[in-house]
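Per-entry structural report
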Amino acid sequence: MSEIRKHIDVVAGAILREGKVYGACRSYGDYAGTWEFTGGKVEPGETDEAALIREIREELGIEVTVEELLGTLDHDYPEFHMNMRLYICRHVSGEPELRVHSEGRWLGLQDLYTVRWFEADAELIRRLEAYLR
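The name given to the chain in an unreviewed UniProt entry is 8-oxo-dGTP diphosphatase, with the source organism recorded as Selenomonas artemidis F0399. Of the chain, the UniProt comment under Cofactor (unreviewed entry) reads exactly: "Mg(2+)". The UniProt entry for the chain carries this comment under Sequence similarities (unreviewed entry): "Belongs to the Nudix hydrolase family."

Here the focus is unusual backbone geometry. In terms of backbone geometry, most residues other than glycine have negative phi values and most peptide bonds are trans. Within the chain, Glu18 stands out as a residue other than glycine whose phi angle is a positive 50°. Mapping Glu18 onto the fold places it in the loop between strand E1 (6-17) and strand E2 (20-26). The exposure class assigned to Glu18 is exposed, which follows from its relative accessible area of 77%.

A separate point is the layout of surface pockets. Of the pockets and cavities examined, the largest pocket occupies roughly 420 Å³. Taken together, 21 residues line the largest pocket, and the ones lying closest to its centre are Val10, Arg26, Glu36, Gly39 and Gly40. Of all the secondary-structure elements, those providing two or more residues to the lining of the largest pocket are E1, strand E4 (38-41), helix H1 (48-60) and strand E6 (80-93). Considered class by class, the residues forming the lining of the largest pocket number 12 nonpolar, 3 polar and 6 charged.

A few words now on the side chain of Glu36. Inspection of the secondary structure puts Glu36 in strand E3 (residues 35-36). Classification of Glu36 by relative accessible area gives buried; the value is 10%. A distance of 3.0 Å separates a polar atom in the side chain of Glu36 from a polar atom in the side chain of Arg26.

Taken across its 14 residues, E6 has 11 buried, putting it largely inside the fold. Pairing between E1 and E6: 11 bridges, direction parallel. By the bridge assignment for E6, Ile15 is matched with Cys89. As judged from the 12 bridges shared by strand E5 (residues 63-76) and E6, these two strands associate in the antiparallel manner. Bridging across to E6, Val66 finds its partner in Cys89. Hairpin connection, E5 to E6: the antiparallel pair is bridged by 3 residues.

Our next topic: the nonpolar core. Formed by 28 residues in total, the largest nonpolar core has its most connected members in Val21, Phe37, Met84, Leu86, Trp117 and Leu128. Listing elements by their share of this core, those giving two or more residues are E1, E2, E5, E6 and helix H2 (119-128). One finds Ala24, Leu60, Val66 and Trp106 within the second-largest nonpolar core, a separate group that totals 15 residues.

Next up on the list: the environment of Gly61. Looking at where Gly61 falls in the secondary structure, it is placed in the loop between H1 and E5. Among the residues examined, Gly61 registers a relative accessible area of 24% and is labelled partly exposed. Sequence separation between Gly61 and Arg99 is 38 residues; the distance between their C-alpha atoms is 8.1 Å. Those residues in contact with Gly61, other than ones at most four positions away along the chain, are Ile56 and Arg99.

Turning our attention to the pattern of salt bridges. Under the counting rule described, the total for this entry stands at 11 salt bridges. Across the pair Glu46 and Arg54 runs a salt bridge, and its minimum N-O distance is 2.8 Å. With its nearest N and O atoms 3.2 Å apart, the salt bridge here joins Arg54 to Glu55. We classify Glu55 as buried; its relative accessible area is 10%.

Rules behind the numbers
Note on numbering: residues in each chain are counted from 1, in written sequence order. The predicted nature of this model means local features are confined to residues of pLDDT at least 70 and side-chain atom pairs, given and counted, to a pLDDT of 80 or more, with totals for whole chains, interfaces and linings taken over all residues. Water and hydrogen atoms play no part in the side-chain values, which are based on all heavy atoms of the structure. UniProt positions are given in the numbering used here, feature names are shortened, and annotations may be inferred rather than shown by experiment. Numbering of helices and strands runs from the N terminus; a helix is a DSSP stretch of H or I covering at least four residues, while a strand is a stretch of E covering at least two. Summary of the burial criterion: residues with accessible area below 20% of their type's maximum are buried, those above 50% are exposed, and those between are partly exposed, where the area comes from a 1.4 Å probe applied to protein chains only. The rule is simple: put a 1 Å grid over the protein atoms alone, call a set of points where a 1.4 Å probe fits but cannot get out a cavity, call an open set with protein on both sides within 12 Å along at least five of seven lines a pocket, and count a residue as lining if it has an atom within 4 Å of a point. Grid points are joined across faces, edges and corners, and a volume is the space filled by probe spheres set on the points. For this classification, Asp, Glu, Lys and Arg are treated as charged, while Ala, Val, Leu, Ile, Met, Phe, Trp, Tyr, Cys and Pro are nonpolar and the rest, including Gly, are polar. Residues adjacent in sequence count toward polar contacts only when both atoms are side-chain atoms; beyond that, a polar contact is any pair of N or O atoms within 3.5 Å, and within protein one must be able to donate a hydrogen and the other to accept it. A pair of strands is labelled paired if DSSP reports no fewer than 2 bridges between them. We define the nonpolar core as a collection of buried residues of types Ala, Val, Leu, Ile, Met, Phe, Trp, Tyr and Cys that are connected through side-chain atoms lying within 4.5 Å of one another. The criterion used for residue contact is that any of the two residues' heavy atoms lie within 4.5 Å. When a carboxyl oxygen of Asp or Glu lies within 4 Å of a side-chain nitrogen of Lys or Arg, that pair is called a salt bridge.

Structure follows, in structure tokens:
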């Protein structure tokens, strides 16, 4: 009999500024040291856009606008199943603060593959290349 895995529904933002995207390195847990796009869980009754703006404000202290859905994916991790929707966001104001991440930086096309991305994020990286040219 197969085990029923926890299902997590998340949104993430590929935050763009001046031809670069913001990446952040996890500072805790099993995936510490792995890079990801900022985001998190969608609360009950919350839209994807509202969740993304809230999560980015909480984690980085910056303001963004949410523009378009870049892609959706389902990914199985050993501990859970994740459904993630990655949105293109534009940086509006503020400088990113490392509130929950150990490192973060703006990555241009030449830098995109120099960090080790979270497995689920890596599947959408190639689609992002067109926005960094």
